[in-house]
Amino acid sequence: MLTRPKPAAGEPRPGSPADLLRAGGQDAAIAGGILTLVLAGVLVRLLAGPVEPLGLPVLLALAATSLTSASYAVRTRLTILRTLGEIRARIGAPLHPGVPWLPTGSDTALPERLLRREVRRLVGAAYRCYDLSLNALLWAFASVVLLVIWLLI
């Protein structure tokens, strides 16, 4: 049986929040690329001539699925940014990630209870972002199917 080698000490484990956020970001980026191609296809078809009356409902459905996919992709980004901002504010970090920061009094560590609570929030946000980005990708694929149907009409 083939198995994945154990991750090194610094590598995230499979299924970790980092993996979920990375996969979610990739899904959202793929959905954005698909939606760009769909938009290009719609524009080319509209420039080619008038739309048939039978194609108008399909075009409306295509617009609705594309907007739904785009809204899921945007919500993915906003969810993780909001969560990270809230966590940084609660632990006393500057809100801008580029600012150097030493935890409250560099000689004391943050309390274990606080760290556990913030990690749980981050894990919850990672799962939510992954779910949102997967929905964005599925709606983008639905847009492709509707584009093909619309182009065949």
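The coordinates are above.
Because the structure is predicted, anything quoted here is derived from the model rather than measured. (Residues numbered from 1 in each chain as written. Predicted model: local features only at pLDDT ≥ 70, side-chain atom pairs only at ≥ 80, totals over all residues. Heavy atoms only, no water.)

Q: Go over a nonpolar patch on the surface, please, and point to the residues and values.
A: Residues Leu134, Leu138, Phe141, Val144, Val148 and Leu152 make up a contiguous nonpolar surface patch of roughly 550 Å² in combined accessible area. Turning to its location among the elements, Leu138 is positioned in helix H3 (residues 112–152). For Leu138, a relative accessible area of 51% corresponds to the exposed category. (Patch = residues over 30% accessible without salt bridge, like charges linked within 9 Å, V, L, I, M, F, W, Y side chains within 5 Å. Areas by Shrake-Rupley, 256 points an atom, 1.4 Å probe, with all protein chains shown as cover. Salt bridge = Lys/Arg side-chain N within 4 Å of Asp/Glu carboxyl O. Helix = DSSP H or I, 4+ residues; strand = E, 2+ residues; numbered from the N terminus. Buried < 20%, exposed > 50% of the residue type's maximum accessible area, 1.4 Å probe, protein only.)

Q: Run through helix H2 (residues 55–91), naming residues and quoting values.
A: Here H2 is 37 residues long and its end C-alpha atoms lie 54 Å apart, about the 54 Å a rise of 1.5 Å per residue gives. Gly92 sits one or two residues past H2 and shows a positive phi near 90°. (Expected span 1.5 Å × (residues − 1).)

Q: Residues and numbers for the side chain of Ser69, please.
A: Along the chain, Ser69 falls in helix H2. Residue class for Ser69 comes out buried when judged on its relative accessible area of 0%. Ser69 has contacts with Ala31, Leu35, Ala136, Trp139 and Ala140, leaving out every residue within four places of it along the chain. (Contact = heavy atoms within 4.5 Å.)

Q: How would you summarise the pattern of salt bridges if you had to cite specific residues and measurements?
A: Proximity of charged atoms lets side chains of opposite charge pair with each other. Following the criterion strictly, the structure yields six salt bridges and no others. Between Asp19 and Arg22 there is a salt bridge whose closest N-O contact spans 3.0 Å. With Asp19 and Arg22 both in helix H1 (residues 17–48) and three residues apart, the pair spans about one turn of that helix. On the accessibility criterion, Arg22 (45% relative accessible area) is partly exposed. Across the pair Arg121 and Glu118 runs a salt bridge, and its minimum N-O distance is 3.4 Å. With Arg121 and Glu118 both in helix H3, this residue pair falls three residues apart, about one helical turn. On the basis of relative accessible area, Arg121 is assigned to the partly exposed category, the value being 35%. Assessed through its relative accessible area of 5%, Glu118 is described here as buried. Each of Arg90, Arg117, Glu118 and Arg121 takes part in salt bridges that share partners, so that together they form one network.

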